[in-house]
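What follows is each chain in one-letter form.
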Amino acid sequence: MLLNVISTRLPLIPHLRVFVTGRPERDIKQWAMTTTGVHCTNFLQLEGNHDDVGIYIKERLSHFPPNLQAQISQVVVNAEGVFIWARIACDLLCKTINKQALLRSLEKEVTLDHLYTIALEQSIPKDGYSRQAAVMVLEMILALQSPLSIAELVHLSPNPDAVEAVVTSLSSILLCKDREDSIRLIHATLHEFLTSRTEAGPWFIQLGLGHYILACGCIDLLAGTRREEQGQVSKSVIQYSWTSWGDHCKNSNRKLGLNERIIDFIDTGYRYLLDDSIRASSSEFVVETLYLCKANMSPCITRTLLRRSLQWIRVCYHSSRVGRQFHGRIYFAIVDESTSFGQKGTGKKMTKTVNWNTN
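Since we're looking at a predicted model, the values are computed, not measured.

### Brief notes about the overall build of the protein
Moving on, step 1. Helices and strands together make up the secondary structure of the protein, namely 18 helices and four strands.
Moving on, step 2. Restricting the contact set of the protein to residue pairs at least 6 apart, pairs at least 24 apart contribute 67%.

### Considerations on the confidence of the model for the protein
Moving on, step 1. In the predicted model, the protein carries a mean pLDDT of 77, and 71% of its residues have values of at least 70.
Moving on, step 2. Counting interchain partners and residues more than four positions distant, the pLDDT-below-50 stretch residues 276–280 has eleven contacts.
Moving on, step 3. Every residue in residues 321–359 is under pLDDT 50, and counting partners more than four places away or in other chains gives 84 contacts.

### Concerning the pattern of salt bridges
Moving on, step 1. The tally for this structure, following the rule as stated, stands at six salt bridges.
Moving on, step 2. Here Arg179 and Glu164 are joined by a salt bridge, their closest N and O atoms 3.0 Å apart. Remark: Glu164 occurs in helix α11 (residues 160–169) and Arg179 occurs in the loop between β1 (174–175) and β2 (184–185); sequence separation between them is 15 residues.
Moving on, step 3. Overall, the relative accessible area of 34% leaves Arg179 in the partly exposed class.

### Quick look at helix α5 (residues 69–79)
Moving on, step 1. Among the residues of α5, those classed as buried are Gln71, Ile72, Val75, Val76, Asn78 and Ala79. Down the axis of α5, the buried set is contained in an arc of 165°. They therefore lie on one face. Exposed side of α5, more than 90 degrees from the buried face: Ala70 and Val77 are the residues found there.
Moving on, step 2. Of the surrounding elements, those touching the buried residues of α5 are α4 (52–60), α6 (83–95) and α7 (99–108).
Moving on, step 3. Immediately downstream of α5, the backbone of Glu80 shows phi near 50°, a positive value.

### So, the packing of aromatic side chains
Moving on, step 1. Inspection of every chain in the model, using the stated rule, returns two aromatic pairs.
Moving on, step 2. Aromatic pair Tyr116 and Phe193: ring centres 5.6 Å apart, planes at 45°, arrangement tilted. Pair noted here: Tyr116 is in helix α8 (residues 112–123) and Phe193 is in helix α12 (residues 188–194), with a separation of 77 residues, a long-range link. Residues Tyr116 and Phe193 agree in their burial class; the two are buried.
Moving on, step 3. A cation sits over an aromatic face here: Arg254 above Tyr212, 5.5 Å from the ring centre.

### Some thoughts on the packing of helix α9 (residues 128–143) against helix α14 (residues 207–223)
Moving on, step 1. Axis separation between α9 and α14 bottoms out at 8 Å; the angle between their running directions is 85°. One finds that α9 runs roughly perpendicular with respect to α14. On α14, the residues touching Met136, Glu139, Met140, Leu142 and Ala143 of α9 are Leu207, Leu209, Gly210, His211, Ile213 and Leu214.
Moving on, step 2. Among the residues making up the contact of α9 with α14, the classes are represented as eight nonpolar, two polar and one charged.

Conventions adopted
Residues numbered from 1 in each chain as written. Predicted model: local features only at pLDDT ≥ 70, side-chain atom pairs only at ≥ 80, totals over all residues. Heavy atoms only, no water. Helix = DSSP H or I, 4+ residues; strand = E, 2+ residues; numbered from the N terminus. Contact = heavy atoms within 4.5 Å. pLDDT = per-residue confidence, 0-100. Salt bridge = Lys/Arg side-chain N within 4 Å of Asp/Glu carboxyl O. Buried < 20%, exposed > 50% of the residue type's maximum accessible area, 1.4 Å probe, protein only. Arc of directions from axis to C-beta. Phe/Tyr/Trp six-rings, centres within 6.5 Å; stacked < 30°, edge-to-face > 60°. Lys NZ or Arg CZ within 6 Å of the ring centre and 35° of its normal. Axes fitted to C-alpha atoms, helices over the stretch in contact; angles between N-to-C directions. Parallel < 35°, antiparallel > 145°, perpendicular 65-115°, else oblique. Nonpolar A, V, L, I, M, F, W, Y, C, P; charged D, E, K, R; others polar.

Right, dumping it as structure tokens:
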């Protein structure tokens with residue numbers, strides 16, 4: 001789509017030349033060949049025959065038996081200089097038992113999307129329970145606000161045992177050195193593939209569901225359901241939960257399913273907000289509650305958040321846990337249309353000023 005916009009708008013701007021780089025995938029090359037005024041070239045044509053990717057593939061697969069060497073040469077051709085394709089293909093070939101079948105499959109379609117499908121199909125058992133667990137873990141990983149490690153993500157997952165099993169099985173497309181290393185996607189195109197229902201098919205990832213799972217995990221960890229775990233959880237997980245639970249609630253596709261959990265969290269949270277054993281900054285909690293007020297998830301949540309937030313901030317202010325960073329006042333902006341505050345239907349915002357010098 002971006003390439004089409006560039007090609008249609010360029011004639012409107014004379015004397016402007018645009019240089020675009022990307023992977024030599026077939027759909028991009030086909031677009032270049034059929035679009036007027038576009039010239040397509042590659043590094044092989046620009047720099048000569050420096051077959052780094054070919055050398056990489058042959059070295060990785062040098063232990064293969066002689067009867068497969070001819071097919072390995074075809075893998076080099078199919079890679080077309082795309083290292084990410086070569087790396088995933090080599091990882092899969094080294095892991096699989098039936099190498100000939102996989103080599104034949106790689107020749108059918110030479111795209112990253114096809115390779116991602118092969119990696120998922122080959123790495124995850126075909127029973128429904130395993131695939132459901134794999135999809136759940138992928139939903140969580142893609143919905144994270146910042147990368148977490150296996151050791152951290154297990155504390156937010158409803159199925160902790162599945163996290164390490166899935167990430168280890170998908171080592172060809174999910175990168176992490178060990179349990180303490182952050183989980184990363186092998187390439188940005190994997191995110192694009194998994195979040196496209198057309199391309200991913202049964203592996204389609206609903207980001208909204210991932211946010212729902214993480215919202216439940218963060219709230220349960222902080223609100224007491226998993227309070228006994230907090231002494232065993234690293235500070236980074238608790239800090240992540242404090243700073244991210246509001247975002248996950250807002251982006252969840254099951255907001256109604258979170259209402260009761262959030263309200264319980266707000267009401268119980270006020271009682272131990274200043275408990276040192278929680279080891280989290282009270283200001284993070286306040287910021288997230290204010291954020292949810294503005295997100296306006298539902299009238300009942302907004303009312304509860306507003307009432308409790310005023311109490312929290314006043315207590316935090318006088319206890320110096322938040323300090324004077326709020327400069328003696330804070331503003332709540334809430335859209336009237338979806339709450340019982342203000343004049344209904346005006347579309348105006350209500351501003352609440354708190355004077356901290358009064359009781």
